[in-house]
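# Coordinate analysis (summary)
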Amino acid sequence: MITIKEVAHHAGVSMSTVSYVLSGKRSISEETKRRVEQSIVTLGYHPNAGARALASNRSRVVGLVVPLHSDQNMPIIMRFVSSIVARARDHDYDVLLLTKEAGPGEAHRVIARSMADAIIVMDVESADPRVPELRDVDAPVVLLGMPDDHEGLSCVDLDFATAGRQMAGHLADRGHRSIALIGSPPSVYERGTSYAARLLAGFQGETAKRGLPASVHSCAAGFDAVSECLDDVLHPDRGTTGLVVHNEAILGTLLLELRRRSLDVPGDLSVITLCPGDVAETLPVPLTSIAVPAQELGAIAVEMVMARLGRELAPEVRLLQPLLTDRGSTASR
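Sequence order sets the numbering: in each chain, residues are counted from 1 along the sequence as written. Local features in this predicted model are restricted to residues of pLDDT 70 or higher, and side-chain atom pairs are both shown and tallied only at a pLDDT of 80 or more, whereas totals for entire chains, interfaces and linings draw on every residue. Hydrogens and water are ignored here; the side-chain numbers use all heavy atoms of the structure.

A few words on the pairing of strand β9 (residues 270-274). Each residue gets one of three labels from its accessible area relative to the maximum for its type: buried under 20%, exposed over 50%, partly exposed in between, using a 1.4 Å probe on protein chains only. Counting from the N terminus, the helices are the DSSP runs of H or I reaching at least four residues and the strands are the DSSP runs of E reaching at least two. Counting buried positions along β9 yields five of five residues, so the element is predominantly enclosed. With burial as the criterion, each face of β9 is covered, one bearing Ser270, Ile272 and Leu274 and the other bearing Val271 and Thr273. Regarding topology, helix α12 (residues 251-260) serves as the crossover connection from strand β8 (residues 242-245) to the parallel β9, and that connection is right-handed. Strand pairing is assigned whenever DSSP identifies at least 2 bridges connecting the two strands. Note: β9 against strand β10 (residues 288-290), three bridges, orientation parallel. Here a crossover is taken to be right-handed if, once the strands point away from the viewer, the path from the first strand over the helix to the second is traced clockwise.

If you want it as structure tokens, here you go:
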């Protein structure tokens, strides 16, 4: 393993000069800095993480709080995690994944023990009990999600309320006179997960404004659950002609069950969903959708915490506007 002493000898400088180049704690001439950096590349030197942390008083770790639940769609969760890890590496930071049920006190514990320099929080609830603690953490904190009470907090998310309004409006504009929202599993709503509640509020607000009859159905994963849900959604008394689906895990099963019932999409039933674009494209029937921008959201969350390291910035809320892509799965009535 190459040492800092070997780098110094190769560059013709002192070890302290190499250390200052690495830490940025002292002004070094551009010529000397370039010589040291070239020696680092030539020799393949990698600073010891522990020594670097001591020198800079930083761990160079971002804590990522992701409590895991049985009702979560793990492939979607991992898209967010992968994006955060990749962008953190761009800043020469590692990610500490905190996957247990993280109650109040978890963020303080991680920061107080110098395990991380900043915190990103996922799985945010509308009335999240961690909010008071997160406001008081002595380190940058960004929520990937938005609680109802977000004063004093930095948050980034998709504008799920607008997404709910857009999808309901998309069907209404095509002449549908009775529509349904097939949403997340019951436990997601019971837990008060913020994104699900905001999309539901947007959907219901839009249908109420338009005087459009609409029903709401939570749906667990699995063939039996989807079949039972469709029995309710498609009851003749409802006259449902359009579906808004906010449940990525059931999309394939839903389309197969509609085919089994000899229902054509969009001939007999229009379907619009919110999910990653590549998922919507590769389903048995490509679906008109609003994309979940997991990669963009994860990257923005990292940039927001990095911008706050070592300096005071006012809290901010960034809500990305939904982007709807029409793939022909909704028809006019």
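Next up on the list: the nonpolar core. Residues enter a nonpolar core if they are buried and are Ala, Val, Leu, Ile, Met, Phe, Trp, Tyr or Cys, with the set joined through side-chain atoms within 4.5 Å. Residues Phe80, Ile120, Met122, Leu144, Val156 and Leu274 are the most contacted members of the largest nonpolar core, which totals 44 residues. At eight residues, helix α14 (residues 294-308) tops the list of elements feeding residues into this core. Residue-level mapping places this core at the junction of two domains, with at least three residues from each of domain 2 (61-158 + 294-321) and domain 3 (160-292). We call two residues in contact whenever any of their non-hydrogen atoms come within 4.5 Å of each other. Once residues lying within four places of it in the same chain are set aside, the contact partners of Ile120 are Val62, Gly63, Leu64, Val65, Ile84, Val142, Ala301, Val302 and Val305. Ala180, Val245, Leu254 and Cys275 belong to the second largest nonpolar core, which has 21 residues in total. Throughout, the edges of the domains are those of an automatic or database domain assignment.

Turning our eyes to something else, we now look at the pairing of β8. Residues of β8 alternate between two faces, with Gly242 and Val244 on one and Leu243 and Val245 on the opposite face, all of them buried. Bridge count for strand β6 (residues 179-183) against β8 is four bridges, and the pairing is parallel. By the bridge assignment, Ala180 is partnered in β8 with Leu243. Where β8 meets β9, four bridges bridge the pair, whose relative direction is parallel. What sits directly across from Val244, in β9, is Ile272.

We call a pair of cysteine sulfur atoms a disulfide whenever their separation is within 2.5 Å. Under the criterion given, the structure shown has zero disulfides. With no disulfide partner, Cys219 has as its closest neighbouring cysteine sulfur the one in Cys229, 4.1 Å distant. Residue classification places Cys219 among the buried residues on the basis of a relative accessible area of 2%.

Salt bridges, as used here, are contacts in which a Lys or Arg side-chain nitrogen is within 4 Å of a carboxyl oxygen on Asp or Glu. Following the criterion strictly, the structure yields 21 salt bridges and no others. Of the charged contacts, one joins Arg260 and Glu257 as a salt bridge, the two residues approaching to 2.8 Å between their closest N and O atoms. On the criterion of helical spacing, the pair formed by Arg260 and Glu257 is a turn pair, its members being three residues apart in helix α12. Where Arg327 meets Glu281, a salt bridge forms, and the shortest distance between an N and an O atom there is 3.7 Å.

Let us look at the domain arrangement of the chain. In terms of domains, the chain is made up of domain 1 (4-47), domain 2 (61-158 + 294-321) and domain 3 (160-292). With 18 residues of domain 2 in contact, the opposing surface of domain 3 contributes 19 residues. What counts as buried area is the accessible surface, traced by a 1.4 Å probe, that two parts surrender upon association, with contributions from both included. Broken down residue by residue, the surface that domain 2 buries against domain 3 is led by Asp71, Arg79 and Leu158, which jointly contribute 38%. Counting every contact that joins domain 2 to domain 3 gives three salt bridges. The partner of Arg198 in a salt bridge is Asp157, and the shortest N-O contact between them spans 2.4 Å. Definition of a polar contact: a pair of N or O atoms within 3.5 Å, with one able to donate and the other able to accept a hydrogen when the atoms are protein atoms, and with sequence-neighbouring residues admitted only if both atoms are side-chain atoms. Connecting domain 2 to domain 3 are eight residue pairs in polar contact (both at pLDDT 80 or more). Considering every element that reaches the side of domain 2 that touches domain 3, the biggest residue donor is helix α5 (residues 74-90), with three residues. Residues of the side of domain 2 that touches domain 3, tallied by class, amount to eight nonpolar, five polar and five charged. Throughout, the ten residues Ala, Val, Leu, Ile, Met, Phe, Trp, Tyr, Cys and Pro are labelled nonpolar, Asp, Glu, Lys and Arg are labelled charged, and all others, Gly among them, are labelled polar.

Taken together, six strands build an open sheet; the order of strands is β7-β6-β8-β9-β10-β12 and the sheet is mixed. Each edge of the open sheet carries a strand with a single partner, namely β7 (214-218) and β12 (324-325).

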